[in-house]
Amino acid sequence: MATTWIKAVHRTSSGSIRAAIQRTLDYTGDYTKTRDGDLIAAYECDPATAVSEFLLSKKIYEKKTGRNQGWHDVIGYHIRQSFKPGEVTAEEALKIGYELALRWTKGNHQFIVTSHTNTNNPHIHIFFNSVTLDNSRKYTDFKRSAIALRRVSDMICIEHGLSIIEKPGLSKGHNREEYLGISKAPNKRDKLIELIDTFLCDSSPAENIFSALKNAGCEIKYGKRTSIKPPWSKRYFRLDTLGYGYTESTIFKLSDSSGNVRNRKTPVDNSSYKFSSGTIRKYSTNLLINIEQKIAEGKGAGYEHWAKIFNLKEAAKTLVFLQENDINSFDELKKKASSASGEFSTVAKNIREIESRQKEISELQRYIGQYTKTRNVYAKYKASGWSREFYEKHTTDIILHRAAKKYFNEIGKKKLPSIAQLKQEYAKLSAEKKALYSDYHKLKKTSRELITARTNCEQILGISPELPTQKRHLTQENNVSQTI
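Residues numbered from 1 in each chain as written. Predicted model: local features only at pLDDT ≥ 70, side-chain atom pairs only at ≥ 80, totals over all residues. Heavy atoms only, no water.

Student: So what exactly am I meant to see when it comes to the overall build of the protein here?
Tutor: Scanning the protein from terminus to terminus reveals 15 helices and ten strands. Within the protein, buried positions represent 40% of all 484 residues. Across the protein, the fraction of contacts at a sequence separation of at least 24, relative to all contacts at a separation of at least 6, is 69%. (Helix = DSSP H or I, 4+ residues; strand = E, 2+ residues; numbered from the N terminus. Buried < 20%, exposed > 50% of the residue type's maximum accessible area, 1.4 Å probe, protein only. Contact = heavy atoms within 4.5 Å.)

Student: So what exactly am I meant to see when it comes to the sheet that holds strand β7 (residues 227-229) here?
Tutor: Adjacent strands of a sheet pair through backbone hydrogen bonds, lying either parallel or antiparallel. Spatial strand order, β6-β7-β8: three strands in an open sheet with antiparallel pairing. On the outer flanks of this sheet lie β6 (219-221) and β8 (237-238), each paired with one strand and no other. As defined by bridge partners, β7 adjoins β8 across two bridges and the pair is classed as antiparallel. Bridge assignment links isoleucine 228 to a residue of β8, and that residue is phenylalanine 237. (Pairing = 2+ DSSP bridges.)

Student: How do you make sense of the packing of helix α11 (residues 330-383) against helix α14 (residues 419-461) when you look at a structure like this?
Tutor: When two helices pack together, their arrangement is given by the angle between their axes and by how far apart the axes lie. Close contact between α11 and α14 brings their axes to 7 Å; oriented N to C, the two are set at 155°. One element, α11, and the other, α14, form an angle in the roughly antiparallel class. In the packing of α11 onto α14, the handedness of the crossing is left-handed. In terms of residue class, the contact of α11 with α14 is made up of 24 nonpolar, eight polar and twelve charged. (Axes fitted to C-alpha atoms, helices over the stretch in contact; angles between N-to-C directions. Parallel < 35°, antiparallel > 145°, perpendicular 65-115°, else oblique. Left-handed = near helix turned anticlockwise from the far one by under 90°. Nonpolar A, V, L, I, M, F, W, Y, C, P; charged D, E, K, R; others polar.)

Student: Is there a simple way to explain the packing of aromatic side chains in this structure?
Tutor: We describe a pair of aromatic rings using the distance from one ring centre to the other and the angle between the two ring planes. Across all of its chains, the model carries 19 aromatic pairs by this definition. A ring pair is formed by tyrosine 77 and phenylalanine 128, whose centres lie 5.3 Å apart and whose planes are at 20°; its orientation type is stacked. Of the two residues, tyrosine 77 sits in strand β3 (residues 74-82) while phenylalanine 128 sits in strand β5 (residues 123-132), which places them 51 residues apart along the sequence. For the pair formed by tyrosine 77 and phenylalanine 128, the shared burial category is buried. Between phenylalanine 344 and tyrosine 440, the ring centres sit 5.3 Å apart and the planes meet at 40°, which makes this aromatic pair tilted. Here the residue phenylalanine 344 occupies a position in helix α11, and tyrosine 440 occupies one in helix α14, the gap between them amounting to 96 residues. Each member of the pair, phenylalanine 344 as well as tyrosine 440, is classed as buried. Three or more aromatic residues joined by ring pairs form one cluster here, namely Tyr378, Tyr381, Trp386, Phe390 and Tyr391. The ring of tyrosine 236 carries lysine 221 above its face, with NZ or CZ at 4.3 Å from the centroid. Sitting above the plane of the tyrosine 367 ring, arginine 366 keeps its charged end 4.5 Å from the centroid. (Phe/Tyr/Trp six-rings, centres within 6.5 Å; stacked < 30°, edge-to-face > 60°. Lys NZ or Arg CZ within 6 Å of the ring centre and 35° of its normal.)

Student: What am I meant to see in the confidence of the model for the protein here?
Tutor: Caution applies to low-pLDDT regions: their predicted coordinates should not be interpreted in detail. Chain-level pLDDT for the protein is 79 on average; 81% of the residues reach the 70-or-more range. Model confidence for the protein, summarised as mean pLDDT per element, is weakest for strand β9 (residues 273-276) at 33 and strongest for strand β4 (residues 109-116) at 94. In this model, residues 170-183 is a region of pLDDT below 50 whose contacts with residues beyond four sequence positions or in other chains number 23 contacts. Confidence over residues 257-283 falls short of pLDDT 50; this stretch has 36 contacts with residues more than four positions distant or in other chains. (pLDDT = per-residue confidence, 0-100.)

Student: Could you clarify how one ought to interpret the packing of helix α10 (residues 301-324) against α14 in this entry?
Tutor: α14 packs onto α10 with a crossing angle of 125° between their chain directions and a minimal axis gap of 10 Å. On the basis of the axis angle, α10 is oblique to α14. As for how α10 packs across α14, the hand of that crossing is left-handed. On α14, the residues touching Ala315, Thr318, Phe321 and Leu322 of α10 are Glu449, Leu450, Ala453, Asn456, Cys457 and Ile460.

Student: I would appreciate a short explanation of the side chain of lysine 138 in the present structure.
Tutor: With respect to the helices and strands, lysine 138 occurs in the loop between β5 and α4 (145-159). Judged by relative accessible area, which is 15%, lysine 138 ranks as buried. Within the local environment of lysine 138, its side chain forms a polar contact with the side chain of aspartate 73, the two groups lying 2.2 Å apart. Within the local environment of lysine 138, its side chain forms a polar contact with the backbone oxygen of valine 74, the two atoms lying 3.2 Å apart. Not counting the four nearest positions on each side in its chain, lysine 138 is found in contact with Tyr61, Gln69, Asp73, Val74, Ser130 and Val131. (Polar contact = N/O pair within 3.5 Å; in protein donor to acceptor, adjacent residues only side chain to side chain.)

Set out below in structure tokens:
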């Protein structure tokens with residue numbers, strides 16, 4: 001049940017970039033939370049000198065691009081990923097967090113990953129540099145990036161056999177109490193949901209439900225989006241903000257037991273199919289909801305009613321998917337899911353290797369250009385007898401030249417290749433990557449569909465992934481009635 005969030009890190013109140021980076025790294029890399037530093041991993045930087053490395057990259061970026069955003073400058077991004085208590089160890093969480101950081105940054109940014117052990121649930125912190133490794137551009141955040149990050153995190157968790165939150169909110173992440181299962185006192189919104197659940201349990205027509213709400217002291221404001229003000233609140237609550245199953249259209253659907261169109265407010269059920277020009281296109285299958293868990297977390301009868309309908313639809317879509325792909329047994333589904341996941345992992349690994357080599361080539365090209373441009377300045381600095389005055393005038397060029405020489409020594413390059421050779425190799429790798437990408441997206445979609453179908457079948461049949469095959473002969477009819 002991994003949860004994630006991402007936030008930008010800005011300058012401190014004093015305007016110091018170093019202080020802001022140091023403050024974040026001090027918190028994420030706290031030795032009391034990371035087993036004396038054993039649970040710290042880094043990419044393209046050293047945890048001990050990360051602050052100076054981040055600062056140097058920003059200085060080079062400003063010199064290259066001439067951009068300085070001042071107080072609006074984002075110096076890095078902080079990501080947190082949490083897991084369900086008892087599912088992973090701190091070491092496993094660190095590996096998963098490193099994989100998440102690598103996928104999210106595509107290997108283009110320096111980052112530090114730490115795994116904290118100071119709480120009863122494993123969680124990791126990621127801090128990555130806003131400037132890319134080639135110092136030519138910065139990471140650009142985008143609208144709803146937290147949702148995209150959560151989807152990447154969920155996919156990684158599914159690949160590792162971990163549980164995820166089936167239906168997270170669209171705009172906000174799950175709070176600490178929710179994913180830890182800690183009960184808290186109901187607020188005004190929760191009380192209104194409980195009141196609506198009470199009337200939904202009676203399976204009354206929708207008109208009677210709204211009348212009952214008025215009799216209970218609620219004020220109802222009709223319009224494009226119906227709002228309700230309960231007697232214990234001074235503000236109105238829009239129905240479409242109460243969560244799944246509480247919009248006006250859903251209430252009209254749930255309250256109509258005949259299934260016929262009651263009036264103009266009853267919507268067309270388009271949750272599974274999209275009608276366009278006489279054709280029907282199926283949406284992808286979603287994971288089933290664990291209703292018992294949701295009820296234990298405090299969800300009401302109205303949510304339970306909606307969740308049962310949702311699970312029935314998703315179970316039906318899962319069955320159609322199995323029939324269309326000629327899958328006749330759970331073992332066959334498991335084999336296909338494992339095979340598809342393996343093929344996707346192989347292609348993804350090859351792409352990562354190509355991208356890693358391309359990154360090496362780009363970095364080598366950058367350092368060769370950096371070395372060439374600063375060679376004359378460094379020669380003059382050496383001829384001046386390492387003059388302090390000369391160093392102060394040409395500090396940046398001297399630092400860049402030394403960094404290039406250090407890089408060549410680290411990779412063991414005594415004879416530097418030509419830029420033309422590197423460009424030719426880079427172009428060849430790009431062609432190979434483009435060919436692999438033609439299969440990448442197809443394999444990724446197939447793998448996700450098969451894994452989702454396998455997870456749904458496990459829940460429908462009551463099969464635990466940890467149980468051996470011989471213990472899976474449960475009565476299907478009983479388990480389907482318990483789950484759906």
